[in-house]
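Structural characterization, general
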Amino acid sequence: MSPSAMTGFGAMALGEPLRPLTYPMPQLGEHDVRVSVSHCGVCFTDIHAIDDFYGITTFPFVPGHEIVGYVEALGSEVAGLAEGDRVGIGWQGRSCERCEWCAQGEEQLCQDIAEMGTWERHGGFASSVTVDGRFAFPLPAPMAPEVAAVLMCAGIAVYSPLRTYATESGQHVGILGVGGLGHLAIQFAHALGYEVTALSASPSKELEAAAFGADHFVVTGDRDRMRPIDYAFDLVLCTAHGAIDWEELLMTLRKRGRLVVVGFPDVSMNPTDLVAHELSVTGSFIGSRTAIREMLSFAQDQGVTPRIEQLPMADVNDAIGRLKENRARYRIVLSND
Ligand SMILES: [Zn+2]
Ligand SMILES: [Zn+2]
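Tracing the chain through its elements places Val281 in strand β13 (residues 280-283). In this structure, the C-alpha to C-alpha distance between Val281 and Val236, residues 45 residues apart in sequence, is 9.6 Å. Not counting residues up to four positions away in its chain, the partners in contact with Val281 are Leu259, Val261, Met269 and Leu274.

Another point: the coordination of the zinc ion (ligand 2). Distances from the zinc ion (ligand 2) to its protein donors, Cys96 (SG), Cys99 (SG), Cys102 (SG) and Cys110 (SG), fall within 2.3 to 2.4 Å. Around the zinc ion (ligand 2), the four donor atoms are arranged such that angles at the metal cover 104 to 121°; this shape is classified as tetrahedral. In primary sequence terms, the donor set of the zinc ion (ligand 2) follows C-x2-C-x2-C-x7-C. Per residue, the accessibility class of Cys96 equals that of Cys102, and both read buried.

With that out of the way, let us pick up the side chain of His39. The residue His39 is located in strand β3 (residues 32-42) in this model. Using a relative accessible area of 12% as the deciding quantity, one classes His39 as buried. At 2.8 Å, the side chain of His39 forms a polar contact with the side chain of Ser38. Ignoring anything within four residues of it in the chain, the contact list for His39 reads Glu66, Ile67, Val68, Pro145, Glu146, Gln310, Val333, Leu334 and Ser335.

Take empty space enclosed by the protein next. Going through the model one piece at a time under the given rule, you end up with two cavities of 30 Å³ or more. Within this model, the largest cavity holds a volume of roughly 50 Å³. For the largest cavity, the full set of lining residues is Ala49, Ile56, Thr57, Thr58, Phe61, Trp119, Glu120 and Arg121. When the residues that make up the lining of the largest cavity are grouped by side-chain class, the tally is four nonpolar, two polar and two charged. Reported here for the second largest cavity is a volume of approximately 40 Å³. Forming the boundary of the second largest cavity are Gly90, Trp91, Gln92, Phe137, Met152, Ile156, Ile286, Gly287 and Ile292. Of the residues assigned to the lining of the second largest cavity, the class counts are six nonpolar, three polar and no charged.

Moving on: the pairing of strand β6 (residues 128-132). Consecutive residues of a regular strand have side chains that alternate between opposite faces of the sheet. Counting buried residues along β6, five of its five residues qualify, which places the element largely inside the surrounding structure. Pairing between β3 and β6: five bridges, direction antiparallel. Residue Asp32 lies in a different strand from β6, and its bridge partner there is Asp132.

Here we come to the packing of helix α3 (residues 145-165) against helix α9 (residues 289-302). Put simply, α3 and α9 touch, their axes get as near as 9 Å, and they point 100° apart. Taken together, α3 and α9 sit at an angle that is classed as roughly perpendicular. In this structure, α3 uses Leu151, Met152, Gly155, Ile156, Tyr159 and Arg163 to contact α9, whose residues at the interface are Ala291, Ile292, Glu294, Met295, Leu296, Phe298 and Ala299.

Within this model, the largest pocket holds a volume of roughly 1000 Å³. Lining the largest pocket are 49 residues, with Leu181, Thr239, Ala240, His241 and Gly242 positioned closest to its centre. Those elements that place two or more of their residues in the lining of the largest pocket are α1 (44-50), α3, β9 (195-200), α7 (246-250) and α10 (316-324). Looking at side-chain class alone, the lining of the largest pocket contains 24 nonpolar, 18 polar and seven charged residues. Considering the residues around the second largest pocket, the lining is formed by 18 residues, among which Glu106, Gln108, Ser160, Thr164 and Gly287 are closest to the centre. Of all elements in the fold, only α3 and α9 reach the threshold of two or more residues within the lining of the second largest pocket. Ranked by residues supplied to the lining of the second largest pocket, first place goes to α3 with six residues. Of the residues assigned to the lining of the second largest pocket, the class counts are seven nonpolar, eight polar and three charged.

What follows deals with the packing of aromatic side chains. Overall, the coordinates contain 10 aromatic pairs when judged by the stated rule. On the numbers, 5.0 Å between centres and 70° between planes, the contact of Tyr54 with Phe264 is edge-to-face. Taken together, the residues Tyr54 in the loop between α1 and β4 (66-74) and Phe264 in the loop between β12 (253-261) and α8 (271-276) connect sequence positions 210 residues apart. By relative accessible area, Tyr54 is classed as partly exposed at 25%. Classification of Phe264 as partly exposed rests on a relative accessible area of 35%. Between Tyr159 and Phe298 the ring centres are 5.6 Å apart and the planes differ by 45°, which places this aromatic pair in the tilted class. In this pair, Tyr159 is assigned in helix α3 and Phe298 in helix α9, connecting sequence segments 139 residues apart. Residue class for Tyr159 comes out buried when judged on its relative accessible area of 2%.

What counts and what doesn't
- Residues numbered from 1 in each chain as written.
- Chains lettered and ligands numbered in written order.
- Predicted model: local features only at pLDDT ≥ 70, side-chain atom pairs only at ≥ 80, totals over all residues.
- Heavy atoms only, no water.
- Helix = DSSP H or I, 4+ residues; strand = E, 2+ residues; numbered from the N terminus.
- Contact = heavy atoms within 4.5 Å.
- Donors = N, O, S within 2.8 Å, 3.2 Å for Na, K, Ca; no water.
- Tetrahedral: all angles 85-135°; square planar, octahedral: opposite > 155°, others 65-115°.
- Buried < 20%, exposed > 50% of the residue type's maximum accessible area, 1.4 Å probe, protein only.
- Polar contact = N/O pair within 3.5 Å; in protein donor to acceptor, adjacent residues only side chain to side chain.
- 1 Å grid on protein atoms, 1.4 Å probe; cavity = no way out; pocket = protein on both sides within 12 Å on 5 of 7 lines; lining within 4 Å.
- Points joined across faces, edges and corners; volume = space filled by probe spheres on them.
- Nonpolar A, V, L, I, M, F, W, Y, C, P; charged D, E, K, R; others polar.
- Pairing = 2+ DSSP bridges.
- Axes fitted to C-alpha atoms, helices over the stretch in contact; angles between N-to-C directions.
- Parallel < 35°, antiparallel > 145°, perpendicular 65-115°, else oblique.
- Phe/Tyr/Trp six-rings, centres within 6.5 Å; stacked < 30°, edge-to-face > 60°.

Here it is in structure tokens:
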């Protein structure tokens, strides 16, 4: 391999398994950093992108956006980072820095967000990635790299809406799904001081949900079991991505309560409860740079720790298979040797 080339695992076409690829190293812009990847988590969004669910994927495509690594080169205008620094990088690798949202410090809403992904030429299932240095975040020193990797996407995806929409401690929050996102949402919601009910279709998740900090656990899909939590929650975070009974879920919200959707499930709602109970349904996407910094330090202080299986980077297709079959407990992180 020449010094100007890099290696990764990518899909050559829609839905194909990933295979080793060699591609030219991107030019380093003045604000850019090149980060050698030590760890990269596997997120359901990677799988959606391989399948072009979002309609923005160009092939060949190297996924991966829960990245931890070391700064190995910096552009002339990068401030606050030095060669050798350990950093985390999430889904967003740059922003336009000009639109109204970037101006407000809400970079995750950048008007050009579709082009701002870390995997835009190319992502973290690779020897290195190149991103804007303003989206490479120094990590708390004691934080394990695999933990930091998962927090960079799954962590911020659930922390940001919990901070934004459940602002008073003691509020009653429902978390639908005790999986990759849900098990982190329960931990963050508990650490933020909310009363937490975990909702899952799997009765077998009860003990683990309690261990993550859930105060209550309810099995979904049974009207009699759900009735006691009618009108119970100020906020429900939907972290599940399978078939969801939306009518049942909306019944758990207080009047004027809010349902926040953080995954990408099929959504189809009957308007009756939505309108009559004056409910809000909100999507939530990753988080701002400020929120990411705050989340990392909060997770370190509170001991929020994702449950992780680790595999070598070369096993990326196994990891994707486990995730697709819902067999990951609860997140998978790949590591380069
Ligand atoms: Zn992700
Ligand atoms: Zn912007």
